[in-house]
Amino acid sequence: MGTGRAARGHRRVGGLLVAAALLAAQPAHAVDVPVRAAAHPTYGRMVFDWPRKVDYTAAVEGERLVIRFDQPVAAPLDRVVAALPAYVAAGRMGGDGRSVEFDLKRPVTLKSFRSGNAVAIDLTPAAAPAPAPATPPPPAKAASPPATPPATPSASVAPAAKGGTVKLRAGDHPTHSRLAFDWSAPTGYTLQRDGAAVTLLFDRAAGIDLSPASKAPLRNVRNIDQFKAPNGGLAVTFAAPPDSDVREFRNGASVVVDVLNAGTRKAAEPAPPADAKPPADAKPAPPAPAAPVKDLPVPPGATTTSVKAPPAPPPAPV
């Protein structure tokens, strides 16, 4: 009898150990991490906007870039590939659920760093090896100069004008977080939205102190950063909740960006099939009266906006 009870006890303990091992082997729930990426004049940058601090390693292994985190991750890697076509060809999640991999298009030098909870990866083109010296060809006969000198190709992007220093004001409101960029003179800009990434591209080069937004964390703005746009102008990027609406307007020489609370961005309605036909008895709707321009609402989910300077009202509160 004692031997039977002991055997049953051993089997029970063994079953518990097996169950515990199976539970430990199951991966934890992956964290949805927004990703930003942008091509800069001399390098490409990708930023993983983690909601909390994580440990990581980044390395170039052969023709792959491998980034390993200490927590399970889920990230939209296709946005990185689309933003950095000169550096990466494809991206995929690692089999361990804690790493991401990219196929490299060219040799690169890798640099990584933290910005708050965000993990930033910079890729710089590696210097190509110097070619072996070749035997110089025999001297050629001097050619007659062309009748007209060849035309110099014009630059594809016009250089940005100098804009001095920009003051940033930042603050949280019940329905939104606000960033106000106080320029000394009206400046053109473009706002771009890609998932959680929001980027402001200004037409002027300027210095800016981002500490008002980074030292006092805003509810809807995370990991704000700046870089030089391809035309040399100031560019500011930050992460916003993917389901929050972003609206912008000009107030005199200031550019104001409001990031509304999460849940305010509506998903785009799917387009009807190309071969869909209206019912036979359907009557065309009468045309709606044109609304005055001043009453047109800001369209939700707008991805790119260019604005012009109206008359200067008093500064907007932050």
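For the structure, see preceding data.
Remember, it's a predicted structure, so these values are computed and weren't measured experimentally.

About the thresholds
- Residues numbered from 1 in each chain as written.
- Predicted model: local features only at pLDDT ≥ 70, side-chain atom pairs only at ≥ 80, totals over all residues.
- Heavy atoms only, no water.
- Helix = DSSP H or I, 4+ residues; strand = E, 2+ residues; numbered from the N terminus.
- Salt bridge = Lys/Arg side-chain N within 4 Å of Asp/Glu carboxyl O.
- Buried < 20%, exposed > 50% of the residue type's maximum accessible area, 1.4 Å probe, protein only.
- Pairing = 2+ DSSP bridges.
- Axes fitted to C-alpha atoms, helices over the stretch in contact; angles between N-to-C directions.

## Topic: unusual backbone geometry
Of note in the backbone geometry, Asn223 takes a positive phi value of approximately 55° without being a glycine. Residue placement: Asn223 occurs in strand E16 (residues 222–228).

## Examining the pattern of salt bridges
Using the criterion set out here, one finds 14 salt bridges in the structure. Glu101 is the partner of Arg64 in a salt bridge, and the nearest nitrogen-oxygen pair spans 3.0 Å. Taken as a pair, Arg64 in strand E5 (residues 64–69) and Glu101 in strand E8 (residues 99–104) lie far apart in primary sequence, 37 residues in all. The class of Glu101 is buried, set by a relative accessible area of 16%. Measuring nitrogen to oxygen at the nearest pair gives 2.7 Å for the salt bridge that ties Asp103 to Arg92. Of this pair, Asp103 sits in strand E8 while Arg92 sits in strand E7 (residues 88–93), and the two are 11 residues apart along the sequence. Each member of the salt-bridge network shares a partner with another, and the members are Glu61, Arg64, Arg68, Arg92, Glu101 and Asp103.

## Here's the deal with the pairing of strand E14 (residues 197–202)
It is a general feature of regular strands that their side chains alternate between the two faces of the sheet. Summarising burial for E14: five of the six residues are buried, a large majority. In terms of strand pairing, strand E13 (residues 189–194) meets E14 through six bridges, oriented antiparallel. When the bridges of E14 are listed, Thr190 appears paired with Leu201. Where E13 folds back on E14, the antiparallel hairpin that results is connected by two residues, among which Gly195 adopts a positive phi of roughly 65°.

## Focus on the sheet that holds E5
Read from one edge of the open sheet, four strands run E4-E5-E8-E7, paired in antiparallel fashion. Looking at the sheet topology across the chains shown, the edges are occupied by strand E4 (56–61) and E7. Each neighbouring strand pair of the sheet contributes to a mean axis angle of 15°, computed without reference to strand direction. As paired elements, E7 and E8 share five bridges and run antiparallel to each other. In the strand pairing of E8, Gly91 is matched with Phe102.

## Thoughts on the sheet that holds strand E10 (residues 118–125)
On the basis of which strands lie adjacent, the open sheet formed by four strands has the order E2-E3-E10-E9 and antiparallel pairing. A strand with exactly one partner marks an edge of an open sheet, and here the two such strands are strand E2 (35–39) and strand E9 (108–115). Averaged over all adjacent pairs, the angle separating strand axes in this sheet is 15°, with direction ignored. Two elements, strand E3 (residues 44–48) and E10, share five bridges in a ladder whose sense is antiparallel. Bridging across to E10, Arg45 finds its partner in Asp122.

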